[in-house]
Amino acid sequence: MSRPADLILTALAPAIWGSTYFVTTEFLPQGFPITLSVLRALPAGLLLLLLVRQLPPRAWLGRVLLLGAFNFAIFWVLLFISAYRLPGGVAATLGATQPLIVLLLARLALGSQIRPLSVLAALAGLGGVALLVLGPNAALDPLGVAAGLGGAVSMAAGTVFSRKWQPPVPPLTFTAWQLTAGGLLLVPVALIAEPMMPMPDARALGGLLYLGLIGAALTYLLWFRGIARIEPAAIAMLGMMSPVTAVLLGWLALGQDLSGLQMIGVGAVLGSVWLGQRAARPATASRRAPA
């Protein structure tokens with residue numbers, strides 16, 4: 001498949017993740033974020049395991065657990081802590097530091113070059129997200145800030161090491177392993193940190209089915225497939241599509257206002273995503289030339 005097609009398919013994942021806030025607030029019971037994360041990851045992972053009928057070999061168990069922690073367990077827990085302790089705009093802006101962290105981790109773990117254009121794209125995307133979601137009443141809570149930055153580091157590590165550790169299995173199998181591992185790691189956290197969630201009604205079940213089948217199984221299949229094919233610096237920039245979708249969905253579905261600054265932010269984010277892919281092209285060409 002061509003690179004543009006790979007980019008479009010991979011960008012669908014964070015674009016769909018941007019609908020998570022809408023579905024969670026409009027369809028699901030409030031106050032059970034970790035339990036809902038378990039119900040999002042674990043059933044989807046087990047369903048995919050039933051389809052692929054292949055467990056990770058013993059030599060891969062440690063790596064799969066670590067990736068499940070980076071991409072799901074640690075990331076989601078820190079994400080919810082930052083969301084509870086910070087205004088949503090501050091939390092989203094801290095999350096937008098992920099491409100810069102990916103550049104550094106990819107240099108350390110993969111030996112990738114840090115290209116000035118990639119740094120410029122990441123900074124432009126960070127500025128665009130800030131314009132998109134950062135309000136005038138933003139407050140900084142130290143624990144919330146630490147959780148927001150920690151979540152960005154966790155997701156960045158998951159992106160880089162998912163690229164570094166590629167098992168000889170299809171992306172569907174790799175996705176099943178990681179979703180199941182992440183869900184299992186979240187179970188004890190949910191049991192300790194949260195009360196028992198009431199039985200969901202039909203509306204909540206529909207939201208859970210969407211988050212599990214579309215927001216987890218499908219999107220992470222596309223994401224991990226993209227990680228195997230696209231440079232970490234380029235794929236990290238695609239994550240900027242998530243806040244854009246969230247803001248546009250709030251405008252379209254919830255009637256939220258969209259200011260001129262936010263429109264500029266949308267343009268800046270989309271421009272940074274395009275610039276990030278341009279920055280990755282020379283690396284792709286030079287790596288493929290010897291073959």
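Everything discussed here concerns the structure shown above.
Just so you know, the residues in each chain are numbered from 1, in the order the chain's sequence is written. Where totals are concerned, whole chains, interfaces and linings use all residues; where local detail is concerned, this predicted model gives features only for residues with pLDDT of at least 70, and gives and counts side-chain atom pairs only at 80 or more. Heavy atoms from the whole structure form the basis of all side-chain values; hydrogens and water molecules are not counted.

J.: Is there a simple way to explain the overall build of the chain in this structure?
T.: Each helix is a run of H or I in the DSSP string that is no shorter than four residues. Each strand is a run of E no shorter than two, and both are numbered from the N terminus. When its secondary structure is counted, the chain shows 13 helices and zero strands. In the chain, the succession of α and β elements from N to C terminus is α-α-α-α-α-α-α-α-α-α-α-α-α. Its C-alpha atoms give the chain a radius of gyration of 18 Å, within 12% of the compact-globule value 19 Å for 291 residues. By its C-alpha atoms, the chain is 60 × 50 × 35 Å across when sized along the principal axes. Three labels apply to residues, based on accessible area from a 1.4 Å probe with only protein chains included: buried if under 20% of the type maximum, exposed if over 50%, partly exposed otherwise in between. A buried classification covers 49% of the 291 residues belonging to the chain. The contact definition used throughout considers only heavy atoms, calling two residues in contact when any of these lie within 4.5 Å. Summarising the internal contacts of the chain: among those between residues at least 6 apart in sequence, 89% fall at separations of at least 24. Surface exposure here means Shrake-Rupley accessible area, sampled with a 1.4 Å probe, where a residue is shielded only by the protein chains that are shown. Summed over its atoms, the accessible surface of the chain is roughly 13600 Å², and 71% of this surface lies on carbon and sulfur atoms. A residue counts as positive if it is Lys or Arg and as negative if it is Asp or Glu; His and the chain ends are not included. A charge is said to be at NZ when it belongs to Lys, at CZ for Arg, at CG for Asp and at CD for Glu. Computing the positive centroid from 17 side-chain charges and the negative centroid from 7, the chain places the two 20 Å apart. Atoms counted for the radius of gyration: C-alpha only. Globule rule: 2.2 Å times the number of residues to the power 0.38.

J.: Just to check I follow, could you spell out the nonpolar core for this structure?
T.: Considering soluble globular proteins, one finds that nonpolar side chains tend to be buried as a cluster. Among buried residues, the Ala, Val, Leu, Ile, Met, Phe, Trp, Tyr and Cys ones that are joined through side-chain atoms within 4.5 Å form a nonpolar core. Judged by nonpolar contacts, the single largest core of 58 residues is most densely connected at Trp76, Leu179, Leu186, Tyr220, Trp223, Leu238 and Met240. The element that contributes the greatest number of residues to this core is helix α3 (residues 33–52), accounting for eight residues. Leave out the neighbours within four places in its chain, and Trp76 touches Ser37, Arg40, Ala41, Leu186 and Tyr220. Of all hydrophobic cores here, the second largest spans eight residues; its members include Val23, Leu36, Met197 and Ala204.

J.: What should I look at first to understand the pattern of salt bridges in this one?
T.: Counted as salt bridges are all cases of a side-chain nitrogen of Lys or Arg within 4 Å of a carboxyl oxygen of Asp or Glu. Counting across every chain of the model gives three salt bridges. Its salt-bridge partner being Arg225, residue Asp6 comes within 2.9 Å of it at the nearest N-O pair. Of this pair, Asp6 sits in helix α1 (residues 3–17) while Arg225 sits in helix α10 (residues 202–229), and the two are 219 residues apart along the sequence. The pair Asp6 / Arg225 is uniform in exposure class, with both members buried. Arg229 is the partner of Asp6 in a salt bridge, and the nearest nitrogen-oxygen pair spans 3.6 Å. Placement of Asp6 in helix α1 and of Arg229 in helix α10 is noted, with a sequence separation of 223 residues between them. The class of Asp6 is buried, set by a relative accessible area of 7%. Assessed through its relative accessible area of 39%, Arg229 is described here as partly exposed. Within this structure, Asp6, Arg225 and Arg229 form a network of salt bridges that share partners.

J.: Is there a simple way to explain the packing of aromatic side chains in this structure?
T.: Working definition: an aromatic ring pair is given by the centre-to-centre distance plus the angle between the planes. Aromatic rings from Phe, Tyr and Trp, taking only the six-membered ring of Trp, are treated as a pair when their centres fall within 6.5 Å; an angle between ring planes under 30 degrees marks them as stacked, one over 60 as edge-to-face, and anything in between as tilted. All told, the structure shown has eleven aromatic pairs when counted by the stated rule. Pairing Phe70 with Phe161 gives two aromatic rings, centres 6.3 Å apart and planes at 25 degrees, and the pair type is stacked. Of this pair, Phe70 sits in helix α4 (residues 61–85) while Phe161 sits in helix α8 (residues 142–164), and the two are 91 residues apart along the sequence. Judged by its relative accessible area of 18%, Phe70 is buried. Here the aromatic cluster, defined as three or more aromatic residues joined through ring pairs, consists of Trp17, Phe72, Trp76, Phe174, Tyr220, Trp223 and Phe224.

J.: Teacher, can you tell me more about the environment of Leu12 here?
T.: Within the fold, Leu12 resides in helix α1. Of the residues examined, Leu12 reaches a relative accessible area of 38% and is grouped as partly exposed.

J.: Whenever I open this one, the packing of α3 against α10 confuses me. Can you help?
T.: The packing of two helices is summarised by the inter-axis angle and the distance between the axes. Contact pair α3 / α10: the axes reach a minimum separation of 9 Å and the direction vectors enclose 60 degrees. Relative to α10, α3 is oriented oblique. By crossing handedness, the relation of α3 to α10 is classed as right-handed. Counted together, Leu36, Leu39, Arg40, Ala44, Leu47 and Leu48 of α3 and Leu208, Leu211, Gly212, Leu213, Gly215, Ala216 and Ala217 of α10 form the full contact between these two elements. Of the residues contributing to the contact of α3 with α10, the split by class is ten nonpolar, two polar and one charged. Angular values range over 0 to 180 degrees, each being the angle between N-to-C directions of two axes fitted as lines to C-alpha atoms, with helices fitted over their stretch in contact. Angles are sorted into four bins: roughly parallel if under 35 degrees, roughly antiparallel if over 145, roughly perpendicular if 65 to 115, and oblique for all others. Handedness of each helix crossing follows the sense of rotation of the near helix against the far helix: counterclockwise by less than a right angle gives left-handed, clockwise gives right-handed. For this scheme, ten residues count as nonpolar: Ala, Val, Leu, Ile, Met, Phe, Trp, Tyr, Cys and Pro. Four count as charged, namely Asp, Glu, Lys and Arg, and the remainder, Gly too, count as polar.

J.: I would appreciate a short explanation of a nonpolar patch on the surface in the present structure.
T.: Taken together, the side chains of Leu47, Leu50, Leu51, Leu209, Leu213, Ile214 and Leu218 define a hydrophobic patch exposed on the protein surface, amounting to about 640 Å² of accessible area. Residue assignment for the nonpolar patch shows that the elements contributing at least two residues are α3 and α10. No other element matches α10, which puts four residues into the nonpolar patch. Mapped onto the secondary structure, Leu209 falls in helix α10. Among the residues examined, Leu209 registers a relative accessible area of 54% and is labelled exposed. Only residues whose relative accessible area exceeds 30% and that take part in no salt bridge are eligible for patches, with like-charged residues grouped when within 9 Å of each other and nonpolar side chains (Val, Leu, Ile, Met, Phe, Trp, Tyr) grouped when within 5 Å.

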